[in-house]
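Structural features, examined
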Number of protein chains: 2
Amino acid sequence: MARLPVYLRALHVLAERGVATVSSEELAAAAGVNSAKLRKDLSHLGSYGTRGVGYEVEYLVYQISRELGLTQDWAVAIVGLGNLGRALAGYGGFASRGFRMAALLDAQPGIVGEVIADLTVEHIDDLETVIKDNGISIAVLAVPAAAAQPVCDRVVASGVTSILNFAPVVLSVPDGVDVRKVDLSIELQILAFHEQRKAGGPSGVEEEYLEAVEGQ
Amino acid sequence: MARLPVYLRALHVLAERGVATVSSEELAAAAGVNSAKLRKDLSHLGSYGTRGVGYEVEYLVYQISRELGLTQDWAVAIVGLGNLGRALAGYGGFASRGFRMAALLDAQPGIVGEVIADLTVEHIDDLETVIKDNGISIAVLAVPAAAAQPVCDRVVASGVTSILNFAPVVLSVPDGVDVRKVDLSIELQILAFHEQRKAGGPSGVEEEYLEAVEGQ
DNA sequence: TCTTGTGAATCAATTCACAGCT
DNA sequence: AGCTGTGAATTGATTCACAAGA
């Protein structure tokens, strides 16, 4: 379930504050969801609460971490070290529990060999070897749109089965490979849509299109 | 609808290739969705297809753009110019149709005054003035977790009603303000979850927790 | 008494399947 | 003949509301 990481974060905050026990109501508020939904989500992992009391924070942190697979260590590679790739390599959240930045790959001669966040950027020609040697199972693609599908094919052929894609392309992958997509301009477009709604919606007249076409 | 931007992107690709007309089946495949879903989504904006033929690419691009509010110009501010903020400022997709990077804001003396992507970074103390003077309606928050809620409150008080949040925090905002969240470590955690599923799921034994607790 | 865990009810999204138009 | 637009059917997610347990 895609909400477990949000609960986990809220629980970490509570744990840091020294809170030992939390009710579904409180945790739901912290995570920004309905309390019935939260209870249903948690009950799906097993019965880890105590009626009349709530959930023990530490224990729940462990159970959710285990469910998410964060009690083991995942080796991650970033492919593409432009602005975005660099930001990702330096991003603290990645290095946090459960993930290990294991390799950086790029195609540009000027970038290969550079040291970023304690790792030397390797040439993408060596992609297959690097992925196998480092036991990498998750690849982050921060490459240009045109390169995304070919690079994707290569990482999949090398054994990667989970991909986080920042390129604005719909990747096609074989069954059994998971792709998650983060598309910054799509996020902005969705905001623009809501923004426009607030302002009264599209004007809805045909002339506008004709004008726009004329104007070219 | 959150899928319109994806259709729009696919249509732009088709338009560049000189394709004049497309069927729901083809467009759905390009966007990675079911064709009935695509038709329902599009019919929701009006009746822009021709039975027996398909959709006219150019016309559909225009209609979706209008629906999304991309026929007008949105002024965007980025708050926080660490690694991620810089990557966003330089990201081409933002500057594309419909969006104008209008201001950059940060709190650190070393960063304020720097020129990034043709804009001078301004001090966050001037946030209210900068937002009002530039008519900014969308703010991108790339600040540390602890700063996110206070900054959010200030941009909202200044009139911003759409926020793209990269900080790992659940923001609370008044009704009428839209927040979209991009959380890189949550994306990785979701991938780890699926990755673990493929590997056989969590081992499900109590001892593991006890060991983990002992080990501290 | 307080809070979980969960059947039942509701609400929304997806898919099917085909009538109707070109 | 081919493809859209859309009722109807299905599937899934969310919420309600309360019985059962601490």
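The structure reproduced in this document is the subject of the present report. (Residues numbered from 1 in each chain as written. Chains lettered and ligands numbered in written order. Predicted model: local features only at pLDDT ≥ 70, side-chain atom pairs only at ≥ 80, totals over all residues. Heavy atoms only, no water.)

The next point concerns the environment of Val76(A). Residues and elements named next belong to chain A. By secondary structure assignment, the location of Val76 is in strand S4 (residues 74-79). Taking the C-alpha atoms as reference points, Val76 and Gly92, 16 residues apart in sequence, are found 14 Å from one another. Apart from the residues within four sequence positions on either side, Val76 is in contact with Phe99, Arg100, Met101, Ala102, Ala103, Ile136, Ile138 and Val140. (Helix = DSSP H or I, 4+ residues; strand = E, 2+ residues; numbered from the N terminus. Contact = heavy atoms within 4.5 Å.)

Let us look at the protein's contact with DNA strand C. Around DNA strand C, the structure places 21 residues, and the nearest of them are Ser24(A), Arg39(A), Ser47(A), Gly52(A) and Tyr55(A). When atoms of DNA strand C within 4 Å of the protein are sorted by moiety, sugar and phosphate together comprise 59%. Arg39(B) is positioned with one of its side-chain polar atoms (N or O) 3.3 Å from a base nitrogen of DNA strand C. One nitrogen or oxygen atom from the side chain of Lys40(B) is found 3.0 Å from a base oxygen belonging to DNA strand C. (Near = heavy atom within 4 Å. Polar contact = N/O pair within 3.5 Å; in protein donor to acceptor, adjacent residues only side chain to side chain.)

In screw terms, the move from chain B to chain A is a rotation of 180° and a rise of 0.0 Å along the axis, fitting with an RMSD of 0.0 Å. Between the two chains, the operation in question is that of a two-fold axis. Mapped onto chain A, 100% of the interface residues of chain B again fall at the interface, so both copies present the same surface. (Least-squares fit on C-alpha atoms with pLDDT ≥ 70 in both.)

Evaluated as defined, the whole model comprises 20 salt bridges over all chains. The closest approach of N and O atoms between Arg197(B) and Glu67(A), which form a salt bridge, is 3.0 Å. Residue Arg197(B) is found in helix H9 (residues 184-198), and its partner Glu67(A) is found in helix H4 (residues 57-68); the two belong to separate chains. A salt bridge links Lys198(B) to Asp178(A); the shortest N-O distance between them is 3.1 Å. (Salt bridge = Lys/Arg side-chain N within 4 Å of Asp/Glu carboxyl O.)

This part is about the side chain of Asn165(B). Residues and elements named next belong to chain B. Inspection of the secondary structure assignment puts Asn165 in strand S9 (residues 162-165). The class for Asn165 is buried, based on a relative accessible area of 1%. There is a polar contact of 2.8 Å between the side chain of Asn165 and the backbone nitrogen of Ala167. A distance of 3.2 Å separates a polar side-chain atom of Asn165 from the backbone oxygen of Val169. (Buried < 20%, exposed > 50% of the residue type's maximum accessible area, 1.4 Å probe, protein only.)

Adjacent strands of a sheet form backbone hydrogen bonds with each other and so pair up, either parallel or antiparallel. Residues and elements named next belong to chain A. Spatial ordering of the open sheet is given by S6-S7-S5-S4-S8-S9-S10, a layout of seven strands whose pairing is mixed. Two strands bound the open sheet, and with one partner strand each, they are strand S6 (115-116) and strand S10 (178-181). Across the face of the sheet, helix H8 (residues 145-157) comes into contact with S4, strand S8 (138-141) and strand S9 (162-165) while running at roughly 170° to S8. (Pairing = 2+ DSSP bridges. Axes fitted to C-alpha atoms, helices over the stretch in contact; angles between N-to-C directions.)

Here we come to the interface of chain B and chain A. Taken together, the contacts link 67 residues of chain B with 67 residues of chain A. Note on chain B versus chain A: buried area summed over both sides is about 6200 Å², and carbon and sulfur give 62% of it. In this assembly, chain B and chain A are joined by 28 residue pairs in polar contact (both at pLDDT 80 or more). In terms of residue count, the dominant contributor to the side of chain B that touches chain A is H9(B) (15 residues). The residue inventory of the side of chain B that touches chain A, partitioned by class, reads 38 nonpolar, 16 polar and 13 charged. (Buried area = accessible area lost by both parts, 1.4 Å probe. Nonpolar A, V, L, I, M, F, W, Y, C, P; charged D, E, K, R; others polar.)

This next bit is on the packing of helix H1 (residues 4-16) of chain A against H9(B). Following both chains from N to C, one finds H1(A) and H9(B) inclined at 120°, their axes separated by 9 Å at the closest point. The angle between H1(A) and H9(B) falls in the class oblique. Between H1(A) and H9(B) the crossing geometry is right-handed. Residues Pro5(A), Val6(A), Leu8(A) and Arg9(A) of H1(A) form the contact with H9(B), whose participating residues are Ser185(B), Ile186(B), Gln189(B) and Ile190(B). Residues that form the contact of H1(A) with H9(B) fall into these classes: five nonpolar, two polar and one charged. (Parallel < 35°, antiparallel > 145°, perpendicular 65-115°, else oblique. Left-handed = near helix turned anticlockwise from the far one by under 90°.)

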